[in-house]
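Breakdown of the fold
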Amino acid sequence: MIDKQKLIATVEEAIANTDAFIVDVTVGADNNITVALDSTTGVDLDACVDITRKIEAVFDRDVEDYSLEVGSAGLTAPFRVIGQYLKNIGNMIEVLTADGRKLRGVLKAVEPDCSAFTLAISRKVKEPGAKRPVVKEEDETIAVSNTKEVKYCIDFK
């Protein structure tokens, strides 16, 4: 079985002088290894190939056979690590809360320990005496522990 901690250390060493960060590393039962990365500037094919080569230099396939997939976390993948939150400050995100609410808004801030984040949500509000509702932006702070899923919002409008 592939040592997951050694694998993570190898990937961390491979990305040490870049803005890339690890989103997820999995080692399946049949030594199927998947490494998901992200970066503020994006993860390109050359970076994935470079990291793959560095992993293959440490883990000899002749000693223990494995399959390896190194790639980007993907635009529609749920956020898993603080780096994904920080990367998306100023972007539209979609949040599914633990109580089932679906919120869309601009990610404004993230707590340093990633325990919570602030979302600017546009809501229609009817002012007293007004004929029509107006759109107002309201900030809502949401604890990460109170979310089921947080992801980048793709809007095709």
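Scroll up to find the structure.
Residues numbered from 1 in each chain as written. Predicted model: local features only at pLDDT ≥ 70, side-chain atom pairs only at ≥ 80, totals over all residues. Heavy atoms only, no water.

Right, let's talk about the overall build of the chain for a bit. Counting its regular elements, the chain contains 3 helices and 8 strands. Here the C-alpha radius of gyration of the chain, 20 Å, is well above what a compact globule of 157 residues would show, namely 15 Å. By principal-axis analysis of the C-alpha atoms, the chain measures approximately 75 × 30 × 30 Å. The buried share of the chain, taken over its 157 residues, is 35%. In the chain, of all internal contacts separated by at least 6 residues, the share reaching a separation of at least 24 is 49%. Surface exposure of the chain reaches about 9800 Å², of which carbon and sulfur atoms provide 49%. Positive and negative side-chain charges of the chain, numbering 20 and 27 respectively, have mean locations separated by a distance of 14 Å. (Helix = DSSP H or I, 4+ residues; strand = E, 2+ residues; numbered from the N terminus. Rg over C-alpha atoms; globule rule 2.2 N^0.38 Å. Buried < 20%, exposed > 50% of the residue type's maximum accessible area, 1.4 Å probe, protein only. Contact = heavy atoms within 4.5 Å. Areas by Shrake-Rupley, 256 points an atom, 1.4 Å probe, with all protein chains shown as cover. Lys, Arg positive; Asp, Glu negative; His and termini not counted. Charge placed at Lys NZ, Arg CZ, Asp CG, Glu CD.)

Moving on, we get to the sheet that holds strand β2 (residues 32-39). Strand order in the open sheet formed by 3 strands is β1-β2-β3, with mixed pairing between adjacent strands. Of all the strands in the sheet, the pair left with one neighbour each is β1 (20-27) and β3 (67-72). Here the average twist between neighbouring strands, direction ignored, is 15°. The sheet contact formed by β1 and β2 spans 7 bridges and is antiparallel. Within the sheet, the bridge partner assigned to Ala-20 lies in β2 and is Ser-39. Along the sheet face, helix α1 (residues 4-14) touches β1 and β2 and points at about 155° away from the line of β1. Together, β2 and β3 form the strand contacts of helix α2 (residues 45-58), whose direction differs from that of β3 by roughly 150°. (Pairing = 2+ DSSP bridges. Axes fitted to C-alpha atoms, helices over the stretch in contact; angles between N-to-C directions.)

Most peptide bonds adopt trans geometry, and most residues besides glycine take a negative phi value. Positive phi outside glycine occurs at Asn-31, with the angle close to 60°. Here Asn-31 is to be found in the loop between β1 and β2.

Another aspect to go through is the nonpolar core. Core analysis: the largest hydrophobic core is formed by 20 residues, its most contacted members being Leu-7, Ile-33, Val-35, Ile-55 and Val-70. Put simply, the parts of the chain that give this core at least two residues each are α1, β1, β2, α2 and β3. Setting aside residues no more than four positions away along its own chain, Val-70 makes contact with Val-35, Leu-37, Cys-48, Ile-51, Thr-52 and Ile-55. Core analysis: the second largest hydrophobic core is formed by 13 residues, Tyr-85, Ile-93, Leu-103 and Cys-114 among them. (Core = buried A, V, L, I, M, F, W, Y, C linked by side-chain atoms within 4.5 Å.)

Take Gln-84: it is sitting in helix α3 (residues 82-87). In terms of polar contacts, Gln-84 uses its side chain to reach the backbone amide nitrogen of Arg-80, at 2.5 Å. In this structure, Gln-84 is in contact with Phe-21, Val-23, Asp-38, Ala-73, Pro-78 and Phe-79, ignoring residues within four places of it in sequence. (Polar contact = N/O pair within 3.5 Å; in protein donor to acceptor, adjacent residues only side chain to side chain.)

By themselves these figures say nothing about function.
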